[in-house]
Amino acid sequence: MSELLDLELTGAPQNVRDLLLQFSPDKFERVQLTEEVIKLADTYISDKVVGKTSLEDCRHIALATINRVDVLASWNFKHIVNLDRIKGYNSVNYRLGYPMIEIRSPKELIHYED
């Protein structure tokens, strides 16, 4: 959880906001938008992984990277869950000494029973 997610959820439909209420608050960790996060996000932009209009997306990815999130899930297939973009984010991460980030669609994270 982060202030970025809080802002995004403000404009989301109520049923989307209610999804988080299905989980106990102790299942979430709150992470902060730090100068390190902002700098890494800006580097994704300056290295042209994505354009300037994707700054908020880059901040989500930088937050996840710096906080060593196991998997970042997103429905944004244009700027986030996109193989070329993922390679770009990880190229920057590798060059700067950050860990690689796993980025998947929520559908890929659903476990189906046989």
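As shown above, the structure is provided for reference.
So, a few notes on the structure that sits alongside this text. Quick caveat, the model's predicted, so the values are computed rather than measured. (Residues numbered from 1 in each chain as written. Predicted model: local features only at pLDDT ≥ 70, side-chain atom pairs only at ≥ 80, totals over all residues. Heavy atoms only, no water.)

Inspection of the secondary structure assignment puts Ser2 in the segment before helix 1 (3–10). Owing to a relative accessible area of 5%, Ser2 belongs among the buried residues under this scheme. Setting aside residues no more than four positions away along its own chain, Ser2 makes contact with Arg30, Val31 and Leu63. (Helix = DSSP H or I, 4+ residues; strand = E, 2+ residues; numbered from the N terminus. Buried < 20%, exposed > 50% of the residue type's maximum accessible area, 1.4 Å probe, protein only. Contact = heavy atoms within 4.5 Å.)

Applying the stated criterion to the full structure yields three aromatic pairs. When the ring of Phe23 is compared with that of Phe28, the centres are 6.1 Å apart and the planes differ by 90°; the resulting orientation is edge-to-face. Relative accessible area serves as the criterion here: at 47%, Phe23 is assigned to the partly exposed category. Assessed through its relative accessible area of 32%, Phe28 is described here as partly exposed. With a centroid separation of 6.3 Å and 70° between ring planes, the pair formed by Trp75 and Phe77 is classed as edge-to-face. Relative accessible area serves as the criterion here: at 58%, Trp75 is assigned to the exposed category. With a relative accessible area of 44%, Phe77 lands in the partly exposed category. (Phe/Tyr/Trp six-rings, centres within 6.5 Å; stacked < 30°, edge-to-face > 60°.)

Following the criterion strictly, the structure yields four salt bridges and no others. A salt bridge links Glu102 to Arg104; the nearest nitrogen and oxygen atoms lie 2.7 Å apart. (Salt bridge = Lys/Arg side-chain N within 4 Å of Asp/Glu carboxyl O.)

Of all hydrophobic cores here, the largest spans 23 residues; its most connected members are Tyr44, Cys58, Ile61, Leu72, Tyr89 and Ile103. Elements that contribute at least two residues to this core include exactly helix 3 (35–46), helix 4 (55–66) and helix 5 (83–96). In terms of residue count, helix 4 provides more of this core than any other element does, six residues in total. The contact partners of Tyr44, leaving out residues within four places of it in the chain, are Val49, Val50, Cys58, Ile61, Ala62, Thr65, Tyr89, Val92 and Asn93. (Core = buried A, V, L, I, M, F, W, Y, C linked by side-chain atoms within 4.5 Å.)

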